[in-house]
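Examining the three-dimensional arrangement
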Amino acid sequence: MFKTAALSALVAGAITAGANDLHSFKRIQLSDQFWGEGANFGDLNKDGINDLISGPWWYEGPDFQKRHEYSPATATFDLKLGPLTTVKVPGFEGTLGRENRYSDNFFVWTPDLNRDGWNDILVIGFPGQDTSWFENPRGKDGHWVRHRIFEDTCNESPTFVDLTGDGKPDLVCITKGRYGYASPDPAAPEKPWIFHPLSPDNKYGNFTHGMGVGDVNGDGRADLLEKDGWWEQPASLAGDPVWAFHPQPFGAGGSQMYAYDVNGDGLADVITGLSAHGFGLAWYEQYREAGTIRFREHILMNKEPQENKYGVKFSELHAIDLVDMDGDGLLDIVTGKRFWSHGRTGDPDRNSAAVLYWFKLVRNADHTVDYLPYLIDDNSGVGVQVVARDLNGDGLPDIVVGNKKGTFVHLHEKKNVSQTEWEKVQPKPLAR
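If you're wondering where the values come from, they're calculated on a predicted model, not measured in any experiment. (Residues numbered from 1 in each chain as written. Predicted model: local features only at pLDDT ≥ 70, side-chain atom pairs only at ≥ 80, totals over all residues. Heavy atoms only, no water.)

1. Quick notes on the pairing of strand 15 (residues 178–183)
- Within strand 15, five of the six residues are buried, leaving the element largely enclosed by the surrounding structure.
- One ladder, built from five bridges, connects strand 14 (residues 170–175) with strand 15; its direction is antiparallel. For V172, the partnering residue across the bridge sits in strand 15 and is Y181.
- Here strand 14 folds back onto strand 15 in antiparallel fashion, the turn holding two residues, of which K176 has a positive phi close to 50°.
- Pairing between strand 15 and strand 16 (residues 194–197): four bridges, direction antiparallel. Looking at strand 16, one finds that A182 is bridged to F195. (Buried < 20%, exposed > 50% of the residue type's maximum accessible area, 1.4 Å probe, protein only. Helix = DSSP H or I, 4+ residues; strand = E, 2+ residues; numbered from the N terminus. Pairing = 2+ DSSP bridges.)

As structure tokens, this is what we get:
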């Protein structure tokens, strides 16, 4: 059974393209079972409509009411209801249970890996375990053929993105203590992917937090961001050279990291969560000092309400996406709380509301910036992956989430309202 609910968390942004546009989100819960820590979308049945994927299931768009099992959905747990009564619950033990467990599905993407015209499903499992892709059966029923292509995918923010600049995405991660990337053989993507280390063996662990890809120095080549600094991509990757490392603390290790020009000065800044299992959201302003790249920290939110201009506070920012939510040409932050990262005990504020927010970037005339927080939902949050893209083709970014609370889609809606109605939902700065 599917549970659908509409959430009237009204959010808004005054933008050049449409002043007084009110942005709201319709919340649809596809499942209350815990099958994966991420979700994504793509057209899997070639009907021209995006479908949603989370855990071993894909849901047919546009209404997501028909569910297909592309991989064996055999996980169950025993839930004790009383001294003599126990029920078996489908999925991994998440918020439907009492103990903390983890899924075997942390991240998902939908590339056409064998180039047959049908989108496949790429899944990164539990940190330190394998990455596999499932071959689209081209409309046939049954489980999809699984190809295990990488055996040791580490870091809790690995990604699938074009790191090398050849127009083809790579699996970027840690393996055997090193940062690097794995690429398929285009002629045989089902064979094990080749790993190219970019760092020395620094003994990075399976559960290292925080990583991203972006052009930090503006040379046109993507660099690798991590919590302790950034690795500069060299002009040539022949022979798998060690990339130059530039130390810079970017927090304790939180989420996906992004290189983006926040303040519009032409230099790429860094956006990241500060602690996946604690508090903190920040951007690091790049500046140059005698030709050297340096960064200045700007805290957007931390463990006390007063550390955010608007009094917003939540913990466990384990996933971040960067997307233009309101069409003003600036990339905004989408993030939220990963509810029960380590279960009902162990993390700060672990049992507070599973909020999902977007933070609107505003560039001020004095060259400072502001991030306006807008609540999307207070009962879904994020997993280790959150994806904000246009799911239904209406030009507005929607949000898909898979986590211990279940699987969710938040459909973005917009309407133009009066100035009075618009002002009612604007974030109000704390009194100083």
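Further notes follow.
2. Side note on the pairing of strand 9 (residues 85–90)
- Sheet topology places strand 8 (residues 76–82) next to strand 9; six bridges connect them, and they run antiparallel. Each residue of the ladder has a partner; that of D78, found in strand 9, is K88.
- The antiparallel pairing of strand 8 with strand 9 creates a hairpin that spans two residues between the two strands.

3. Observations concerning the nonpolar core
- Grouped together as the largest cluster of nonpolar side chains are 21 residues, with contacts concentrated most on V262, I271, F314, I333, F359 and Y371.
- Put simply, the parts of the chain that give this core at least two residues each are strand 21 (256–260), strand 23 (281–289), strand 24 (292–301), strand 25 (320–323), strand 27 (356–363) and strand 28 (369–377).
- If you tally residues by element for this core, the top one is strand 27, at three residues. (Core = buried A, V, L, I, M, F, W, Y, C linked by side-chain atoms within 4.5 Å.)

4. Describing the side chain of D261
- Inspection of the secondary structure puts D261 in the loop between strand 21 and strand 22 (269–273).
- In this structure, D261 is buried with no salt-bridge partner, the nearest side chain bearing the opposite charge being R363 at 4.7 Å.
- Side-chain polar atoms of D261 contact the backbone nitrogen of G266, separated by 2.8 Å.
- Those residues in contact with D261 that sit more than four places away from it in its chain are G266, L267, A268, D269 and R363. (Lys, Arg positive; Asp, Glu negative; His and termini not counted. Salt bridge = Lys/Arg side-chain N within 4 Å of Asp/Glu carboxyl O. Polar contact = N/O pair within 3.5 Å; in protein donor to acceptor, adjacent residues only side chain to side chain. Contact = heavy atoms within 4.5 Å.)

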